[in-house]
Structures are given as structure tokens and as C-alpha cells.
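Chain residues, written in single-letter form:
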Amino acid sequence: MAERHKPTPEQRKRAIASGVLLGVFAVVTYLVSMMKMLG
Amino acid sequence: MSATTHAPAHGHAHDDHHAHPTGLKRWLFTTNHKDIGTLYLWFSFVMFLMGGVMALLIRAELFQPGLQFVKPEFFNSLTTVHGLVMVFGAIMPAWVGFANWLIPMQIGAADMAFPRMNNWSFYLVVPAAILLVASFFVPGGAAASGWTLYPPLIIQQGISIDMTILAVHILGASSIMGSINIITTILNLRAPGMTLMKMPLFVWTWLITAYLLIAVMPVLAGAVTMLLTDRHFGTSFFNAAGGGDPTMFMHIFWFFGHPEVYIMILPAFGVVSAILPAFARKPLFGYASMVYATASIAILSFIVWGHHMFTVGMPAAGNLFFMYATMLIAVPTGVKVFNWIATMWQGSMTFETPMLFAIGFICLFTIGGFSGLVLAITPVDITLHNTYYVVAHFHYVLVSGALFSIFAGIYFWLPKFTGKMYHEGLGKLHFWLSLIGFNIAFFPQHFLGLAGMPRRIPDYALQFAEWNMWSSVGAFIFGFSQLLFLYNVIECIRSSRKAPDNPWEVQDSLEWTHLPSPAPYHSFETAPVVK
């Protein structure tokens, strides 16, 4: 299989950090929107 | 200004002498962005055909007054599931398909940031679609509340509602995972020299779309979770019988629903901004203003939801705020239309199929935008609310807006996807039949709405008969002309018309300047350098 260039360790670290941050943001938005509806 | 790249190096991988997984295993376990893009695109086309069949059943019933083919309850299910399937099953997955195919190639990345999550995002969409369509076959029939899932109807119906709510949850999770992947890829995996303001506009529009998705999908998920607890766990968040507030659901739904419209239309702006310069043989006019206009539209989309519910009795100050905020969106949208026209101005234009669909998009989407401005005026909206004028408006935005640009994008990038050229004559026939069929189907609906015909009814008063007949004839022309598109794509894949690496002579996008046609399984052996 053709080798493709891979993200550098630094890019990988930053990507995981961004992914986790965005995931947490989505979950918090979900919970906050329900809590707002609860009053 | 978008990226100016150095001459094509041999930075791409030729996969003709390299193996990659084949057969069912390849498609089930693939983590390759092009494979997943292809899966999304075919899936969305299948869902488009299913939603299309529902639309044709609706139009067959409405061909003349009286009840012809379907019972009123089934008619309501058809309008509901048609909307859900087209929004969540056809248009959104089509754009995710484009995003998967194009974003890594356009920013010079090897693949998406999280390839396994990418696979999972796609394979979540499939069971959700099955749940939606299968809900027709359970006792009580499919959801009949309209795609907005308003209580109290949604609280009263049978098990199909639970299936719909589960489907919406799954689709939301898939969209959020896809958005995380797209944002992370764009922000972290761009090739050296590819600054944000050198990215192709399609990448920009998807970056902003992904932020919209991540901000509003969890809100919809929260609302439908609470619907579920109202149905099964004795709560009364939205159930007036138990002291709840159905209007609150409408506020929450449209806080999601209006940005959702832009989720479906912003990537279309990106596609059209790629196609017009190619066929006008001029750089895109006003690149930076296009970026800022896209961001402005996205931000404004969060503060206009009330215009969907002027009739619920909001305070006058609220109505005024939502009216003016909605009208404000015309400013950045106008900037975009101006820039597209300026791009074509004095260009050496040719009118291949992608260009025809892109110009069709500009003309018809602008009509949809203008009828949106009419509906933004509170007193006018109170008269036109829930009439066919609204149906005409959003079909001009979503069919001639989103769908036409999906067709434009498919024809434009098909040589890169397949390595073959589509049949130009068939493509042009597809365009003209779609254009004529679409306008015959939906333009008369403006007249019907102005005359007071309500939406979501299987029968109507005699004075609406003539325009309804025309509308149904147009819908069938439009519907069957899509089979031409299917034939053209399959014929293209099977044909022997080899496509050049850069058939449209695009100078500013890596997929055309740095990669052969078809794009190899793995795009770049070494990261391209953008000057």
C-alpha cells in the first residue's frame, strides 16, 4: 500500500486536544440546553 | 486570495502499483477519506430518491382536489418524513461527502484527523435512516407532526415517534463527530504555507458550517431527549396538559432549525465560489469579503429563529427584533451575490454543466432569498404563515440552492473522483429539465400561498386546482429528470473517456494542481508546499 505522509507528533497532539475540547463543548451544550429548559 | 501553489510536484502517490483493501471489507472498515466521501455521496443519493418518491406521492395526491391515492394520516406522514429524509438523509450527508473528498485534498492533508471516527460517523447514519424509513411500517404509521416535531402531536403518536427521536439523536451524534473531525483537520493538518486566508472557499464554508453544527445539534438533541421523557417518564416539559409549554419547544427547535438552513447552504456557497472562477477564467472577486460574509451569515443565524414563529404571540419588541435581525442577513448574502456576479463580469465564460447549475443556483437562490425577506416582515408573515408561500420559499432555498449546487459540485469534481469525463450533452439536458421542472413545480406555489392555500393538507378548495395541477406536472418533470443524473454518473464511471488531470484548468486548488485524475487512494506522499 502506498505510504502517505503522516501528521507530525506535534500536529497529532494538537489534533487530539482540539478534538477533546470540541467534544466537551458539544456535551456541555447538550446539558446546558436541557438545564435552561428545566428553568 | 486563495492559494497559489508551486508547479505540480510528484508529491502524490500513484496507487496503480500499490494495493489497497478491496471488496466489502474495503467499504465496511475503510478509514480513507475518499472512500468515506463516496459512501456518503451514494447514501445521500439513495435517500434523495426515497425522499423524492415521497414528494411525488404528495404531488400526485395534490394533482386535483379531493382525496385520490392516500389517506390524510398517511399524507401527513409523507410530508413529515419527506422533510426529515431530505434534510438529514440527503442534503447534509451529501455535503459531508464533499467535505470528506475535498477538504484533505484542498488543504494538502493526507487524510482526516480522526479516520476511525470518520468511519463511525458514516456508519451511524445508516441505521438512523433505516429507523426513519422503517417507521412507515409500524402500527400507527410514521411521524405525522411535520419535520419540526412539534408537541402536542409528537407526544400523542405511537412508537414511530420514538424511532424518529432515536434517529434524530443518532444523526446528531454523527454530525457532531463529523464536525469535530472537520474542524480539527482544517485547523491542524494544513500543508506548510497554507494559511487560513489561502484556503479554498469550500474549506472556509465547511469550517464555519462545522462550528454551526457543533453549536446547534446538541440543542436539538436536548429538546428531543426531553420530548422522550415527556412521552415515557411522566414529565411535562412541553405538554400543556401537565403544565408544560409547547411554545418553549418551538423556540428551542428553531434555535437549531434556522442555523440548520445555513448548514445546508453555506457549503453550497463554497462550491459555487469554486466553479464560477473556473468557467469565467478569472479569480474569485472579493475572496476576503466572501470569508467575512460567510462568518457574518453564520453568526446572524443564531439570532433570527423567532421569524419562524411570529404567530405564537411574542411581544412586539421581540417580533421587531427578529424582523430586523432577519433582514440584516440580506447584507452579507448580497455581498456574496455581488461578488459572484463580479467574478463573471467580463470573464471568458463557457457554459459547461457545472457552470449552468452554478448560474441556476445564483438566479433561483436569490429568488428564494427575496421571498425570505417578504416572510421576514412580521405583519406579512402573519398572513402568509403556514401557507404554500412558505413551501415555495424554502424549496427555492433548498432545492435550487443546496441541491443545484450539489449537482454542480458533482459534475465539477466527477473527473477528479472517477478519472473519467461525464457526458456533457446529458449533463446539460439534466440541467435544463431540472430548471424547467423545478420552476413549474414551485413558482406557482407562491400564487397558491398568496391566495391562502394552507400547507400540509391532502385536499383543498376548488380555486387552487389549476396551479396545483401545474405544480404536480413540474414536480414529476423534475423528479424523473434526476434519473438522467443517475444514468450520467454511472455511465461516466463505466465509460472510457479518460479525464485530464485538470480538465477545467483550475490554478488555485491543490486537488487540481497537485493530484492526477482519478485522485489516488492516498493523496500525498509528501506534504505539498503552498507559496
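Please read these numbers as outputs of a predicted model, since none were measured by experiment.

Caption draft 1: Examining the overall build of chain B more closely. Broken down by element type, chain B carries 17 helices and 0 strands. For a compact globule of 531 residues, the expected C-alpha radius of gyration is about 24 Å, and chain B comes in at 23 Å, within 12% of that figure. The C-alpha extent of chain B, read off along each of the three principal axes, is 70 × 50 × 45 Å. Taken over 531 residues, chain B has a buried fraction of 62%. Summed over all atoms, the accessible surface of chain B reaches about 19300 Å², with 72% contributed by carbon and sulfur. Placing the 21 positive and 21 negative side-chain charges of chain B at their respective mean positions leaves the two points 7 Å apart.

Caption draft 2: Spotlight on the overall build of chain A. When its secondary structure is counted, chain A shows 1 helix and 0 strands. Expressed as a percentage of the 39 residues in chain A, the buried residues total 31%. Just so you have it, chain A exposes about 2800 Å², and 72% of that area is on carbon and sulfur atoms.

Caption draft 3: Geometry of helix 9 (residues 287-300) of chain B. An ideal rise of 1.5 Å per residue puts 20 Å on 14 residues; helix 9 of chain B measures up with 20 Å between its terminal C-alpha atoms. For helix 9 of chain B, the secondary structure elements touched by its buried residues are helix 7 (201-232), helix 8 (246-280), helix 10 (316-328) and helix 11 (330-344) of chain B.

Caption draft 4: Inspection of the environment of F137(B) at higher detail. When you line up the elements, F137(B) lands in the loop between helix 4 (115-134) and helix 5 (153-156). In this structure the C-alpha to C-alpha distance between F137(B) and H20(B), which are 117 residues apart in sequence, comes to 40 Å.

Caption draft 5: Region of the structure containing the interface of chain B and chain A. Listed as interface residues are 39 residues of chain B and, on the opposing side, 22 residues of chain A. The contact between chain B and chain A buries some 2400 Å² in all, and 72% of this surface belongs to carbon and sulfur atoms. Where chain B touches chain A, the interface holds 0 salt bridges. Connecting chain B to chain A are 4 residue pairs in polar contact (both at pLDDT 80 or more).

Basis of the calculations
Residues numbered from 1 in each chain as written. Chains lettered and ligands numbered in written order. Predicted model: local features only at pLDDT ≥ 70, side-chain atom pairs only at ≥ 80, totals over all residues. Heavy atoms only, no water. Helix = DSSP H or I, 4+ residues; strand = E, 2+ residues; numbered from the N terminus. Rg over C-alpha atoms; globule rule 2.2 N^0.38 Å. Buried < 20%, exposed > 50% of the residue type's maximum accessible area, 1.4 Å probe, protein only. Areas by Shrake-Rupley, 256 points an atom, 1.4 Å probe, with all protein chains shown as cover. Lys, Arg positive; Asp, Glu negative; His and termini not counted. Charge placed at Lys NZ, Arg CZ, Asp CG, Glu CD. Expected span 1.5 Å × (residues − 1). Contact = heavy atoms within 4.5 Å. Buried area = accessible area lost by both parts, 1.4 Å probe. Salt bridge = Lys/Arg side-chain N within 4 Å of Asp/Glu carboxyl O. Polar contact = N/O pair within 3.5 Å; in protein donor to acceptor, adjacent residues only side chain to side chain.

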